[in-house]
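Secondary and tertiary structure notes
Here are the chains, one letter per residue:
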Amino acid sequence: KYQAAVYQLMGQISLGIRDYTKAVEYLEKATNLNPNMISAYFLIGNAYAKQQKFDAALQEYQKVIQKNPKVIPPYMISGVLYDRMKQPQKANDYYQKVLDIDKNFAPAANNLAWNYSQYGGNIDIALSLAQKAREANSNDPGIADTLGWILYKKDVVGSALPLLKESNQKFAGKNATVLYHLGLAYGKNGNKELAKEMLNKALSLKQDFPEAADARKALTEIDAQKANRG
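Description of the structure in this document. (Residues numbered from 1 in each chain as written. Predicted model: local features only at pLDDT ≥ 70, side-chain atom pairs only at ≥ 80, totals over all residues. Heavy atoms only, no water.)

This part covers the pattern of salt bridges. Counted by the stated rule, this structure contains eight salt bridges. D124 is the salt-bridge partner of K154, the closest N and O atoms lying 2.6 Å from each other. Remark: D124 occurs in helix α8 (residues 123–136) and K154 occurs in the loop between α9 (141–153) and α10 (157–170); sequence separation between them is 30 residues. On the basis of relative accessibility, which here comes to 30%, the residue K154 falls in the partly exposed class. The residue D223 makes a salt bridge to K196 at a minimum N-O spacing of 2.9 Å. You can see D223 sitting in helix α13 (residues 212–229) and its partner K196 sitting in helix α12 (residues 192–205), a full 27 residues away along the chain. (Salt bridge = Lys/Arg side-chain N within 4 Å of Asp/Glu carboxyl O. Helix = DSSP H or I, 4+ residues; strand = E, 2+ residues; numbered from the N terminus. Buried < 20%, exposed > 50% of the residue type's maximum accessible area, 1.4 Å probe, protein only.)

For helix α4 (residues 54–67), spanning 14 residues, the distance from its first C-alpha to its last is 20 Å, which sits close to the expected 20 Å at 1.5 Å a residue. Considered for burial, the residues of α4 that qualify are F54, A57, L58, Y61 and I65. Along the long axis of α4, the arc covered by the buried residues comes to 95°, so they all point the same way. Exposed positions of α4 whose direction lies more than 90 degrees from the buried face are D55, Q59, Q66 and K67. Here the buried face of α4 lies against α2 (20–33), α3 (38–51), α5 (72–84) and α6 (88–101). (Expected span 1.5 Å × (residues − 1). Arc of directions from axis to C-beta. Contact = heavy atoms within 4.5 Å.)

Among soluble globular proteins, nonpolar side chains are generally buried collectively. Residues Y61, M76, L81 and F209 are the most contacted members of the largest nonpolar core, which totals 76 residues. Per-element tally for this core: the top contributor is α3, with eight residues. Those residues in contact with Y61 that lie beyond four places of it in its chain are V24, E28, I44, Y48, P74, I77, S78 and L81. (Core = buried A, V, L, I, M, F, W, Y, C linked by side-chain atoms within 4.5 Å.)

On to the side chain of S78. Here S78 lies in helix α5. The class of S78 is buried, set by a relative accessible area of 0%. A distance of 2.7 Å separates the side chain of S78 from the backbone oxygen of P74, its partner in a polar contact. Discounting chain neighbours no more than four positions away, the residues touching S78 are L58, Y61, I65 and Y94. (Polar contact = N/O pair within 3.5 Å; in protein donor to acceptor, adjacent residues only side chain to side chain.)

Taken together, R18, K50, R84, K86 and K206 make up a surface patch of like positive charges. Mapping R18 onto the fold places it in the loop between α1 (2–16) and α2. (Patch = residues over 30% accessible without salt bridge, like charges linked within 9 Å, V, L, I, M, F, W, Y side chains within 5 Å. Areas by Shrake-Rupley, 256 points an atom, 1.4 Å probe, with all protein chains shown as cover. Lys, Arg positive; Asp, Glu negative; His and termini not counted. Charge placed at Lys NZ, Arg CZ, Asp CG, Glu CD.)

With that settled, the discussion passes to the environment of A108. Structurally, the position occupied by A108 is in helix α7 (residues 106–118). Given the relative accessible area of 0%, A108 is considered buried. Between the alpha carbons of A108 and I77 there is a distance of 10.0 Å; along the sequence they are 31 residues apart.

Following this line, the structure appears as structure tokens:
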């Protein structure tokens, strides 16, 4: 696993200098050595996204699947690529295929749970999948965020908050989406000042993260509530 981390770092460096071919090569080595490395799959997705080469990449992974139908990484990366192409249903098909091979594979359970929670899937199935991912990989901050966000959506804020705090801490306060989730959870729990703090941090970190418009709307609503009380 140490070697996998080294390959991931080399992949990140290659991404940083825009050597996308080399980046994918290193990151695939990382996922082959440690198939549970969620972040490596997303970095591969990023490398293809930067080049706008989704279809070509998917064709290559399809070839790998035909030769090795029981190997997880090509299914997993295909799912991530479909997510990047904003085709969650196709992504889910691939995540489900991964779980058919290994029902406890945390990255697929996490991503499937996230998609169900975001795109109108069954929230109870999403919760079950996220819990399974958490059991399989309790240290991953992305999984903590997914589970926390689903619990927030189910109005179980008391259980959501510790998970979202943990995720934010592990991301060192540098993940805008997690900060947004934490802000909403604080707000729902009645702590408007901490809610504002987290939402403002999210927007100062990244003005155009996926939930940025929702974060601005939430801040406006908090200010309106304060004004009404005043």
